[in-house]
Amino acid sequence: MMPEEQSQGTRAQSGRTSGTLFLVGVPIGHPDDLTIRALATLRRVDLIAAKNPQLTQSLLSYHGICAPLTTYDRDNAAEKTPIILDRLRQNQCIALVSDCGMPALYDPGRLLITAAAKAGLTVEVIPGPSIVATAATLCGMDANAFVFEGRCAGGTHNFARRLQSLQHESRPLILLPPVPTLPLMLTTLLTTLGNRRVVLGLDLTHPGQHVLRGRVRALLAKEVTFTKASRAVLIVEGARRGKRLGRKKE
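Being a predicted model, the structure only gives us computed values, none of them experimental. (Residues numbered from 1 in each chain as written. Predicted model: local features only at pLDDT ≥ 70, side-chain atom pairs only at ≥ 80, totals over all residues. Heavy atoms only, no water.)

A. Spatial organisation of the sheet that holds strand 5 (residues 122-126). Reading across from one edge, 3-2-4-1-5 is the order of the five strands in this open sheet, with parallel pairing throughout. Two strands in the sheet have a free side with no partner beyond their single neighbour: strand 3 (69-71) and strand 5. Neighbour to neighbour, the strand axes of the sheet diverge by 25 degrees on average, direction disregarded. Sheet topology places strand 1 (residues 20-24) next to strand 4 (residues 94-97); three bridges connect them, and they run parallel. Each residue of the ladder has a partner; that of L21, found in strand 4, is I94. Together, strand 2 (47-50), strand 3 and strand 4 form the strand contacts of helix 3 (residues 53-62), whose direction differs from that of strand 3 by roughly 155 degrees. (Pairing = 2+ DSSP bridges. Helix = DSSP H or I, 4+ residues; strand = E, 2+ residues; numbered from the N terminus. Axes fitted to C-alpha atoms, helices over the stretch in contact; angles between N-to-C directions. Contact = heavy atoms within 4.5 Å.)

B. Quick peek at the nonpolar core. L173, L175, L189, V198, L200, L234 and V236 are the most contacted members of the largest nonpolar core, which totals 22 residues. Where this core is concerned, the elements lending two or more residues are helix 7 (155-165), strand 7 (173-175), helix 8 (182-193), strand 8 (197-202), helix 9 (216-221) and strand 10 (232-236). For this core, the element with the highest residue contribution is helix 8, accounting for five residues. Apart from the residues within four sequence positions on either side, L234 is in contact with L173, I174, L175, P177, L186, L189, V198, V199 and L200. Judged by nonpolar contacts, the second largest core, of 18 residues, contains V24, A38, L60 and A95. (Core = buried A, V, L, I, M, F, W, Y, C linked by side-chain atoms within 4.5 Å. Buried < 20%, exposed > 50% of the residue type's maximum accessible area, 1.4 Å probe, protein only.)

Below, the structure is given as structure tokens:
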């Protein structure tokens, strides 16, 4: 029988001496999207482990929060994980945050979460905004089920090969393309899957957010303006049941 994880309140009552690792969702854009519970958690933890401390500091400053920060990203996860575990064992409470959205959702954190759970330490999720849920809601397609592919790292060839493996997938496809690669990704999408319907969201929840809807060829013809700091999410319609979209031209 597996031991149950205990909440912060239960931990105090049971006399446990270890701290809690909080997985805190932060805004994907607008700083006011931080939940009340996340705000209270970030105000009382001993340390915040962030993928991008500079962005996290901006969020904390906006809300008047003073808390020590440490970097936790893909490059130092193996090195930082045992250090954070030691601090948790010393009864410190630590928040793990992404630079936007939920930690560990196409984001560093899996190693720390797994290690903390394996060590019998308390891990709690403080749910918050998610770019994936936002995209699924925004797209206007059947999002009862969808396929999340993250950034499809590995270059154009790898992206095309992955798209080919999904050409008969009827669920919408959600991607987080790096903004500079958008034209190339759309071209690869057109070549591989055909002229499907897509929704492109740029800087969602920001005052200057931009949402484009149409087919791939139409989006390629548009002059889309963005900055290097822009964040993009691309939703691609799934294959029609009983038909192959493939390279169909419309």
